[in-house]
Amino acid sequence: MKQNKFKRNVSDALNNPKLKVAIRRTTDRADAKRATAVKNFPGFDRTREQGQKIKDHVIEYLDYYLAEFERNAIANGSIVHWAKNAEHASQIVVDICHEQGAKKITRSKSMLGEEIGLPAALDREDFERVETDLAEHIIQLAGDPPSHIVWPALHLTREDVVDLFRENHQNPIESTQVVDLVSSARRELRHHFLSADVGITGANFLVADTGQVCTVTNEGNAELTTTPPKVHIVTAGIEKLVPSIAHAMPLLRLLVRSATGADITQYTTFHNGPKRGTDLDGPEHCHIVLVDNGRTNMLKDDMKEMLRCIRCGACMNHCVVYKHIGGHAYGSVYPGPMGAVITPNIDGLNNAFEPVSACTLNGKCQEVCPVNIPLPTLIRAWRKKAWEKKVDTIRNRFLVACFSQLAQRPRLFQFTTNMAILMMKPFSRRGWIRWMPFAGSWTTNRDLLAPQGQSFIQQYQKNRERHEA
Amino acid sequence: MKANVGLFVTCLVNTLRPSVGFAAIQLLEDADCNVSVPSAQSCCGQPAFNSGDDEGTKAIARKLIERFEGFDYVVAPSGSCAAMIRKFDELFENDDPFAERAKSLAGKTFELLSFLVDICDYTVVDSTLDATYSYHHSCSGLRELNVHQQPMKLLKDIKGLQAKPLKGSTECCGFGGTFCVKYSDISNEVVSEKVDNILAANADILLGGDLGCLMNIEGKMNRVTDKEAREKPTSVMHTAELLADLLPSNDS
Ligand code: SF4
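1. Focus on the overall build of chain A
Each helix and strand in chain A was counted, giving 23 helices and 13 strands. Taken along the three principal axes of its C-alpha coordinates, chain A extends 100 × 55 × 45 Å. The 469 residues of chain A split such that 57% are buried. Sequence separation of 24 or more characterises 72% of the internal contacts of chain A that already satisfy a separation of 6 or more. Accessible area for chain A stands at about 20900 Å²; split by element, carbon and sulfur atoms hold 52% of it. Taking the average location of the 60 positive side-chain charges in chain A and that of its 51 negative ones, the two points are 10 Å from each other.

Set out below in structure tokens:
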């Protein structure tokens, strides 16, 4: 995203007190719940290492596991499609929906779907799209994009939801209790589940040796999305592979604890393709769309480790920047630290430089990442590319270049330090500076520490001379 | 034989708070080290490195390596600067003549407080201070160098000094080097929250091991308490300053 747009988004976000409340209600609770879940699971660190190894192994042998998955998925009766990029992927889905003569389409939450622009693509073709995840249902009513990868409606408060449901539900309720809101949404969605022609899901894991697609939800909406309609379409990134169900288990343990702080998700389903001979229910057709959209570039680009991501959202819940500006300010599908690494790869570094730049590199994200992705290192790696490609403004690059030039010349550096101290002196009051020229971006919000006197080096040298004399 | 320690002062201490540098020297000497301060030193290169300017960083690193490689140890009163020097070993390609030298320097570079505890087995003896403190664990030291228990261990031995828990004590204060000026408004939100937590902890002193974070925090605290027209209840100090103040040689 371009600099001005980002700055505007940030300032809108920071000036929205309601947003702050909404973000913190969710992220603070998520942080606390995650911490408890991790503490209560003595094997967490070991599982984290295991998870990392499994993902690294799959990424190393991606071609092998993709071929194995395809073979087994076909053997299960599914049809496998390969999509190079976002447009290609959503076109495949749209075409299948047309072929099936679909009118109503239910969809369970999938960030990959957002990544490939599927909601918009379906809307353009005038399908009736029904989002079935509770939070997705809420933001569909609000007409908002998701602001978090696990809680897409995180930017809205319960009060907002009450209003949205009152305006939009067929039998609006008076209550503002969460249980009643949930019931209202269930009533609203139930008939759509049963009358949809196509159900679309993402995938949390693709199991190579069985050809299965694993989905994880807390609401059971993925099961209701995939079972009643005639057609089930899966859209999944190619990095979602695991060798076997056994390999999915440690990752599931990590995912749920890191995402919601629960010990287990309510619904974990391994979908096995279309229904067979004696099956009583299930879809008649199952299509699996495997999406690259820049992922193989990440293999080449030294961003490999990012492909370990299991989309748990912990990095953003714990990010001081995300916690203050929220997801929408980033202006991309994926916000927060993981978004800062993934987005330049999808939208181009020029368009995604601001999130890369707006990071303190404090490392908390990596600390909580269940597959130990070195997010700060990868963010820095993008900055390096940005430096080489001259992406930042001339002013910012000039300042850094001046600094580098100066710092390579220690004596000149010391001289400049001494000059700076002299310049700061007249503005100093009781050890602090409230305002001085060129320090505005610091002093607008905080006092600047005034020098104690001469520089350390000067004082030190003087002391020594005195000593020796 | 005494270890020869080269003190890397860091830009902020050099410019704004030399007392931290002198405190570091006192502590290191008390820990039986021979301390030298090369006068031709500049910066560890973080602003360049974190902006992606690897060539600039390398040029800075070369100068630093030449100045400091002769010492047994290089010590900085800052986790983030020490962590940066440690990163020099990833900076140079294998065939670069500086690759080996960078690696060797990285291996002997330490943050002050962890150096005192982990390498010098330094302990605080016979110190008393009737006060309460909260600790801000700066991110680079904490996550890149594992500096966490060491300062706690030193402070625990000061009689009368009591810890007051600080909410979010391991969370970023919003300084982030160039971040705090480039994204001043976000940084302000982050540090405001930090200051709220510190004021709520209500200790006499806030301690930490990185001047960048400390001046960000105290600078904000000044504004907050000014606005609320009240005395600053908590003073902010570098841990080295507190420890050195308590040395017998500084008894007043
Ligand atoms: S980067 Fe790590 S913490 Fe962030 S969403 Fe991915 S797996 Fe979770």
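2. What about the pattern of salt bridges?
Inspection of the entire model under this criterion finds 37 salt bridges over all chains. Between Glu144(B) and Lys87(B) there is a salt bridge; the shortest N-O distance is 2.9 Å. Of this pair, Glu144(B) sits in helix α9 (residues 139-145) while Lys87(B) sits in the loop between α5 (79-86) and α6 (88-91), placing them 57 residues apart in sequence. Each of the salt bridges in this network shares a partner with another, and the network as a whole consists of Arg107(A), Glu114(A), Asp123(A), Arg129(A) and Glu131(A).

3. Let's talk about the domain arrangement of chain A
Residue and element names in this part refer to chain A. Taken domain by domain, chain A holds domain 1 (1-40 + 311-392), domain 2 (41-293) and domain 3 (395-468). The interface of domain 1 with domain 3 comprises 4 residues on the first partner and 4 residues on the second. A combined buried area of about 420 Å² lies between domain 1 and domain 3, and 60% of that area is made up of carbon and sulfur atoms. For the interface between domain 1 and domain 3, the tally reads 0 salt bridges. Our enumeration of links across domain 1 and domain 3 arrives at 2 residue pairs in polar contact (both at pLDDT 80 or more). Of the residues in the side of domain 1 that touches domain 3, the class split is 1 nonpolar, 1 polar and 2 charged.

4. A look at empty space enclosed by the protein
All names here are of chain A. This model, assessed by the stated rule, comprises 6 cavities of 30 Å³ or more. Taken as a whole, the largest cavity encloses approximately 140 Å³ of empty space. What lines the largest cavity is a set of 18 residues, and nearest its centre among them are Cys-319, Pro-337, Cys-359, Cys-365 and Ile-379. For the lining of the largest cavity, the secondary structure elements donating two or more residues are α15 (320-325), α16 (336-347) and α18 (364-368). Broken down by element, the lining of the largest cavity gets its largest block of residues, 3 residues, from α16. Looking at the lining of the largest cavity residue by residue, the classes come out as 12 nonpolar, 5 polar and 1 charged.

5. Focus on the side chain of Thr10(B)
All names here are of chain B. Turning to its location among the elements, Thr-10 is positioned in the loop between β1 (3-7) and α1 (11-16). Residue Thr-10 is classed as buried on the basis of its relative accessible area of 5%. Apart from residues no more than four positions distant in its own chain, Thr-10 is found in contact with Gln-41, Ala-76, Pro-77, Ser-78 and Cys-81.

6. Concerning the interface of chain B and chain A
Each partner contributes to the interface: chain B provides 67 residues, whereas chain A provides 62 residues. Taken over both partners, the interface formed by chain B and chain A buries close to 5700 Å², and the fraction arising from carbon and sulfur atoms is 57%. Viewed at the interface, chain A and chain B are joined by 9 salt bridges. Put simply, chain B and chain A have 40 residue pairs in polar contact (both at pLDDT 80 or more) between them. Of the residues assigned to the side of chain B that touches chain A, the class counts are 30 nonpolar, 21 polar and 16 charged.

The rules behind each value
Residues numbered from 1 in each chain as written. Chains lettered and ligands numbered in written order. Predicted model: local features only at pLDDT ≥ 70, side-chain atom pairs only at ≥ 80, totals over all residues. Heavy atoms only, no water. Helix = DSSP H or I, 4+ residues; strand = E, 2+ residues; numbered from the N terminus. Buried < 20%, exposed > 50% of the residue type's maximum accessible area, 1.4 Å probe, protein only. Contact = heavy atoms within 4.5 Å. Areas by Shrake-Rupley, 256 points an atom, 1.4 Å probe, with all protein chains shown as cover. Lys, Arg positive; Asp, Glu negative; His and termini not counted. Charge placed at Lys NZ, Arg CZ, Asp CG, Glu CD. Salt bridge = Lys/Arg side-chain N within 4 Å of Asp/Glu carboxyl O. Domains from an automatic or database assignment. Buried area = accessible area lost by both parts, 1.4 Å probe. Polar contact = N/O pair within 3.5 Å; in protein donor to acceptor, adjacent residues only side chain to side chain. Nonpolar A, V, L, I, M, F, W, Y, C, P; charged D, E, K, R; others polar. 1 Å grid on protein atoms, 1.4 Å probe; cavity = no way out; pocket = protein on both sides within 12 Å on 5 of 7 lines; lining within 4 Å. Points joined across faces, edges and corners; volume = space filled by probe spheres on them.

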